[in-house]
Amino acid sequence: MTTAPEAAQKGVGVKAPSRRIELQEYALVAVVALILIVGAILEPGSFLTSDNMLNVVRQASVVGVLAIGMTFVIATGGIDLSVGSMVAAASIAGGQFVDSGSFMFVLGAIGMGVLLGGINAGAIAYGKVVPFIATLAMFTMARGLALWISDKQPISIFNLEGVRWFGTGEILGIPSAVIVFVLVTGLAWVLLNRTKYGRYVIAVGGNREAARIAGINTKRIIFSVYVLSGFCVAIAAILVAGRLSSASPIVGNLYELDAIAAVVIGGTALAGGRATIVGTFLGVITFALIFNLLTLMDLAVEIQQVTKGLIILAAVLIQRRS
Amino acid sequence: MSLKRLMAPLCLSLALGVAACGGDDSESDQANTNTTTTQEEQGGTAASQDGPVKIAFSAPGADHGWMAAITDNARAEADALGDVELIAAEGVTDSAAQADQIETLLAQDPDVLVMLPNEGDALTPVAQKATEQGIPVVAIDRALSSPGAARAFITGDNYGIGWQAGNYFADELECQGNVVEIQGIAGIQVTEDRSKGFTDAIKRRCQDGIEIVASQPADFVPDKGLSVMENILQANDQIDAVYTHDDDMAEGVVAAIENANRQDEMFLTGAGGSKAAMERIQAGGLFRATFLYNPVMSASAIRMARLIARGEGFEELKEPEVPSQIVVPATRVTQENVEDVIDLGF
């Protein structure tokens, strides 16, 4: 929390990351390692196989891409509750071009994601609507749009080989969705940690007034993170559609909560001013591992829910200690 | 919010006032064209034969293909019947809002109220109120908790879906094999019934011959069905069949199996009766059968409401009145009979 105003005051030359964040990232590595060890003992035959590990990262990729975008939003002290619904809207928008080929599907999805993200952005940055409310409005609007445009029917994209490649293809044995997720994570890391833009985002979240005085166009920065989130939504939508071989208006339910939880468990401060891409990545992986292991064990859902809650609490407590 | 709170009692008192006015003096109704329907109620359920029947319709928001079809079918049936005037309200997602919405509908003085309650328990009071005002209630799909609250109830057979599926599995697998169950939303009655029917049938037919190797909820949505099934495929080397609680969700389960290239190892069944599922069954392959829980029941409910308003019964039944409860069987749809029912797909 203290780094951001300092960064803003000293101008753009200051590095944003703090020691605290590094420690948290290491703590989460320990949590992931612990889950891997426990899983290997409880499910020796099926958990710690390369096939299943790729499966886990592939499953993590959709919420993962959303969580990366969410990290920038939360870094500014904002929140985006609409990403789950927007995934449905973006994939349905892409689905409108099902007869025009994969490229048009991708364009349609990106267009809708950026458009809806832009509406969030405009309302928050220039309309001065609180992010919670603006994106809550979009949460219901985007779902409605998805159902409306699709006439409440899923759209089969079985013939779009290109889009399906994102869900089912692979390069050198690594699923394409995993490659996309890792690529997005890498780009986001550079953007947040090695560019002026990244430092501005942190500065705006730490102390907006100080950032403004330091000469940062705070409105433009806030506008940009919601558009970025919308762009990540489009990527997630393409991954989901590719995986399902169809664009469905009812996908994406409550993805926003998974994304926010992953960001927070990763060490990014909900109040803004402190953010870590590596932490978010590990947070997403942690959740995917838990979900995978509990399903492999075929535990009853109520036990899964209690266990999941306990693990989240424990992970955050371990972080606080370190 | 505050406006809504003000409006609800206002609408209610209006509705009561109109009813009371009709009760005191039927002649005063003649002067007021808006209250002609109230006059009809005074003659018991025997409404006038020539005037259109005014039906109020309320269902929760369409967040799922099935729910969307419920509202669409009701509207289409009202249009097709010709002598029915439908005042419909939809789009709410919680029970309190639906109760408010129904109060508003009642204020427009319908002859009958047709409702699909978001939750049976929570919507019972408002249904009770309608009944007490002399407006008969036809409930769809989910039962109200008080027996007096609804005049008639039409529903599908969730236990029957599970029971039929269990028997189908017993036949197809000859009581041998590993089975996966992908459930709906954990902890709701629909899921409990569909699950219990299935396990009961399998136990009864095969004792321990068929093993349910995994049973997990996927909340009736395809993306959750996909990731749950992906994990289950990792854990189990041999799966002979998959029983899913819903056709939409099954789309995701199918994708998981096909992506893993294991579609020749097993077959899968759905529930509900979506058009997409029926097309898959018709094409043959992994998706072998579904069990109807057909949203055409809302169209039947409109017909029942019309007959109740007119004081008539079903032509095919000896009883002069509409039965108070109808349970629609969970018809099994396979490649053999899919042609006959594909038009019912939603």
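Cut-offs applied
- One numbering rule holds for all chains: residues counted from 1, following each sequence as written.
- Labels are handed out in written order, letters beginning with A for the chains and numbers beginning with 1 for the ligands.
- Confidence filtering applies because this is a predicted model: local features only for residues at pLDDT of at least 70, side-chain atom pairs given and counted only at 80 or more, and all residues used for totals across whole chains, interfaces and linings.
- Two strands are said to pair when DSSP picks up at least two bridges between them.
- By definition, any uninterrupted DSSP run of H or I lasting at least four residues is a helix, any uninterrupted run of E lasting at least two residues is a strand, and each is numbered from the N terminus.
- Lines are fitted to the C-alpha atoms to define the axes, a helix being fitted only along its stretch in contact, and any angle between axes, read from their N-to-C directions, falls within 0 to 180 degrees.
- A pair of residues counts as a contact when their C-beta atoms, built from backbone coordinates, are within 7 Å of each other.
- For classification, angles of less than 35 degrees are called roughly parallel, those exceeding 145 degrees roughly antiparallel, those between 65 and 115 degrees roughly perpendicular, and all remaining angles oblique.
- When the near helix sits turned anticlockwise from the far one by under a right angle, the crossing is termed left-handed; a clockwise turn instead gives a right-handed crossing.
- Residues are sorted three ways: Asp, Glu, Lys and Arg are charged, Ala, Val, Leu, Ile, Met, Phe, Trp, Tyr, Cys and Pro are nonpolar, and all the rest, Gly among them, are polar.

A few points about the sheet that holds strand S5 (residues 152–155) of chain B
Residues and elements named next belong to chain B. Spatially, S2-S1-S3-S4-S5-S11 is the arrangement adopted by the six strands of the open sheet, whose pairing is parallel. Edge strands, defined here as strands with exactly one partner in the open sheet, are strand S2 (84–89) and strand S11 (325–327). Averaged over all neighbouring strand pairs, the angle between strand axes comes to 15°, with direction disregarded. Of the pairings in the sheet, the one linking strand S1 (residues 53–58) to S2 comprises six bridges and is parallel in character. Looking at the pairing, Ile55 lines up with Leu86 of S2. Against the sheet, helix H5 (residues 95–107) makes contact with S1, S2 and strand S3 (112–115), and its axis sits at roughly 170° relative to S1, the strand it touches most. The strands touched by helix H12 (residues 297–310) within the sheet are S1, S2, S3, strand S4 (137–140) and S5, with S4 carrying the most contacts at an inclination of about 165°.

A few points about the environment of B:Leu173
Residue and element names in this part refer to chain B. Position of Leu173 among the secondary structure elements: in helix H7 (residues 158–173). Each C-alpha atom, one on Leu173 and one on Gly209, is 9.5 Å from the other, the two residues being 36 residues apart in sequence. In contact with Leu173, other than residues within four places in its own chain, are Ile210, Asp240 and Ala241.

Looking at the packing of helix H12 (residues 255–266) of chain A against helix H13 (residues 277–296) of chain A
Residue and element names in this part refer to chain A. Two elements in contact, H12 and H13, have axes separated by 7 Å at closest approach and are oriented at 120°. By the criterion of interaxial angle, the relationship of H12 to H13 is oblique. The interaxial crossing formed by H12 with H13 has right-handed handedness. The segment H12 lies against H13, with Asp258, Ala261, Ala262, Val263, Ile265 and Gly266 engaging Gly279, Thr280, Leu282, Gly283, Val284, Thr286 and Phe287. Its residues placed into classes, the contact of H12 with H13 shows seven nonpolar, five polar and one charged.

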